[in-house]
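Examination of the molecular architecture
Now for the letters of each chain:
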Amino acid sequence: MRLVLLGPPGAGKGTQAARLAAKYRIPHIATGDMFRAHAARGTPLGRQAKGHMDSGALVPDEVVIAMVRERLAEPDARRGFVLDGFPRTVPQAEALEELTEIDAVVNLQVGPEVIIERQAGRRSCPRGHVYNLRTHPPRRPGVCDVDGEPLVQREDDKPEVVRQRLREYEEKTKPLVDYYHRKSLLVTVHGEGSVDEVFYRITEALEARL
Ligand code: AP5
């Protein structure tokens, strides 16, 4: 199972990708999480990515592609993977095609009001576990259920940065919907409703297709 999850910021890609990875026993490869992990460790790649991420801009293609190339070469990715947040531009999609084959691209469709509400309520722990104050709160307020780390709001979830991320999505990532439709890889799924409902729709659609 080699999957790509596509959708605007806050559509629920990370939430659904984690579930798909567990169900199909494949690695969840999230470029945003990889950059945040580098930034937290203060690596040169992390410092480079952080400047772009904090302003809501995309990290340059060549930087992302090199990181994904390395990750897909690791042994656990041989059996399949779910890519979350990559590709995000046509050059990234072309580079991915040279690296590997893809079985399906799930496009999560979510309206702007739901996106804004989901992002405003998102809280994450430094290890990448994601909660939502309204829809998926932690058992103890402000503390991760899994590792006990304090939960924080992502720098790029501030309203002005969210607006810039949405502009980047419209301009650079949305063209991938047509790109993958032309290649007959696109599986469009309604991304509103509960996490369980969306997951059910995705797995039904994938199993009907693959
Ligand atoms: P990244 O981390 O990939 O951010 P994103 O695509 O903007 O996506 P998000 O993480 O905001 O949202 P999501 O769709 O995963 O939603 P989530 O599941 O968290 O990228 C960040 C930055 O890194 C980019 O801006 C860029 O700078 C850089 N970058 C990364 N990849 C790059 C690339 N390929 N090229 C260039 N630059 C790159 O859900 C959101 C909230 O909603 C959560 O609180 C969740 O609990 C809640 N929720 C989810 N589903 C539901 C549901 N069904 N019902 C109720 N609540 C829900």
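Here goes a summary of the coordinates provided. (Residues numbered from 1 in each chain as written. Predicted model: local features only at pLDDT ≥ 70, side-chain atom pairs only at ≥ 80, totals over all residues. Heavy atoms only, no water.)

1. A look at the packing of aromatic side chains
What counts here: Centres within 6.5 Å are what make two rings of Phe, Tyr or Trp a pair, Trp counting through its six-membered ring; a difference in plane orientation under 30 degrees is then read as stacked, over 60 as edge-to-face, and the rest as tilted. The criterion for a charge sitting over a ring is simple: Lys NZ or Arg CZ within 6 Å of the ring centre, and within 35 degrees of the ring normal.
In this structure the tally under the stated criterion is one aromatic pair. The interplanar angle of 85 degrees and the centroid separation of 5.1 Å between the aromatic rings of Tyr179 and Tyr180 together place this pair among those described as edge-to-face. The ring centre of Phe199 lies 5.5 Å from the NZ or CZ of Arg19, which sits over that ring. We note Lys183 situated over the ring of Tyr179; from NZ or CZ to the ring centre the distance is 5.1 Å.

2. Some points on helix α9 (residues 195-209)
As a reminder of what qualifies: We count a stretch as a helix when DSSP gives it H or I for four or more residues in a row; a strand needs E for two or more, and each element gets its number in order from the N terminus. An expected span of 1.5 Å times one less than the residue number is assigned to each helix. For each residue, the accessible area found with a 1.4 Å probe, counting protein chains only, is set against the maximum for its type, and the residue is called buried under 20%, exposed over 50%, and partly exposed in between. Throughout, the arc means that of the directions going from the helix axis to the C-beta atoms. Whether two residues are in contact is decided by their heavy atoms: any pair within 4.5 Å suffices.
In this model α9 runs 21 Å from its N-terminal to its C-terminal C-alpha over 15 residues, within 8% of the 21 Å that 1.5 Å per residue would give. Where α9 is concerned, the buried positions are Val198, Phe199, Ile202, Thr203 and Leu206. Each buried residue of α9 sits inside an arc of 125 degrees when the element is viewed along its axis, so together they form one side. More than 90 degrees from the buried face of α9, the exposed residues found are Tyr200 and Ala208. Along its buried surface, α9 packs onto β1 (2-6), α1 (13-24), β4 (104-109) and β7 (186-190).

3. Section: the layout of surface pockets
What counts is decided by this rule: Of the grid points, spaced at 1 Å and generated over the protein atoms alone, those admitting a 1.4 Å probe that cannot get out make up cavities, while open sets with protein on both sides within 12 Å along at least five of seven lines make up pockets; any residue with an atom within 4 Å of a point is treated as lining. Grid points are joined across faces, edges and corners, and a volume is the space filled by probe spheres set on the points. Put simply, Ala, Val, Leu, Ile, Met, Phe, Trp, Tyr, Cys and Pro go in the nonpolar bin, Asp, Glu, Lys and Arg in the charged bin, and everything else, Gly too, in the polar bin.
In this model, the second largest pocket occupies a volume close to 180 Å³. Around the second largest pocket, the lining is made up of 13 residues, and of these Pro8, Val110, Tyr169, Glu170 and Lys174 lie nearest the centre. Secondary structure elements with two or more residues in the lining of the second largest pocket: β4, α6 (112-121) and α7 (159-173). Looking at side-chain class alone, the lining of the second largest pocket contains eight nonpolar, three polar and two charged residues.

4. Regarding the sheet that holds strand β3 (residues 81-84)
Heads up, the condition is: DSSP bridges decide pairing: two strands pair if at least two such bridges lie between them. A fitted line through C-alpha atoms represents every axis, and for helices the fit uses only the stretch in contact; the resulting angles, taken between N-to-C directions, go from 0 to 180 degrees.
Spatially, the five strands line up as an open sheet ordered β2-β3-β1-β4-β7, and their pairing is parallel. Two strands close off the open sheet at either side, each with one partner strand: β2 (28-30) and β7. The sheet shows a mean angle of 20 degrees between the axes of neighbouring strands, taken without regard to direction. Note: β1 against β3, four bridges, orientation parallel. From the neighbouring strand, Val4 faces β3, where its bridge partner is Leu83. In this fold helix α2 (residues 31-41) packs onto β2 and β3, with an angle of close to 65 degrees to the strand it touches most, β2.

5. Describing the site of the ligand
To be explicit about the condition: A molecule or strand has a residue near it when one of that residue's heavy atoms lies within 4 Å. Counting of polar contacts relies on pairs of N or O atoms within 3.5 Å, with two restrictions inside protein: one atom must be capable of donating a hydrogen and the other of accepting it, and residues adjacent in sequence are counted only when both atoms are side-chain atoms. Note that accessible areas follow from Shrake-Rupley with a 1.4 Å probe, and for residues the cover is restricted to the protein chains shown.
Of all residues adjacent to the ligand, which total 35 residues, the nearest are Thr15, Ala57, Arg88, Arg122 and Arg165. Between the ligand and the protein, one listed contact pairs a nitrogen atom with a side-chain N or O atom of Thr31 at 2.7 Å. Residue Asn132 places a side-chain N or O atom 2.9 Å away from an oxygen atom belonging to the ligand. Protein chains shield 96% of the accessible area of the ligand, which is 1000 Å² for the free molecule. When contributions to the shell around the ligand are tallied by element, the ones reaching two or more residues are α1, α2, α6, β6 (130-132) and α9. Broken down by element, the residue count for the shell around the ligand peaks at four residues, all from α2. Residue composition of the shell around the ligand, by class: 14 nonpolar, 13 polar and eight charged.

6. With respect to unusual backbone geometry
Here the residue pair Phe86 and Pro87 is connected by a cis peptide bond, since its omega of 0 degrees sits within 30 degrees of zero. Looking at the element boundaries, Pro87 is found in the loop between β3 and α5 (90-99). Despite not being glycine, Arg25 has its phi angle at roughly 55 degrees, a positive value. Along the chain, Arg25 turns up in the loop between α1 and β2. In the Ramachandran plot, Ser184 falls in the positive-phi region, its phi being about 55 degrees despite a non-glycine side chain.

7. As for the pattern of salt bridges
Where charged atoms from two side chains of opposite charge come close, those side chains can pair. Defined as follows: Each reported salt bridge corresponds to a side-chain nitrogen of Lys or Arg within 4 Å of a carboxyl oxygen of Asp or Glu.
Enumeration according to the criterion identifies 19 salt bridges in this entry. For Asp156, the salt bridge goes to Arg154, with nearest N and O atoms at 2.9 Å. The same class applies to Asp156 as to Arg154, namely buried. Taken together, the shared-partner salt bridges connect Arg122, Arg154, Asp156, Asp157 and Arg165 into one network.

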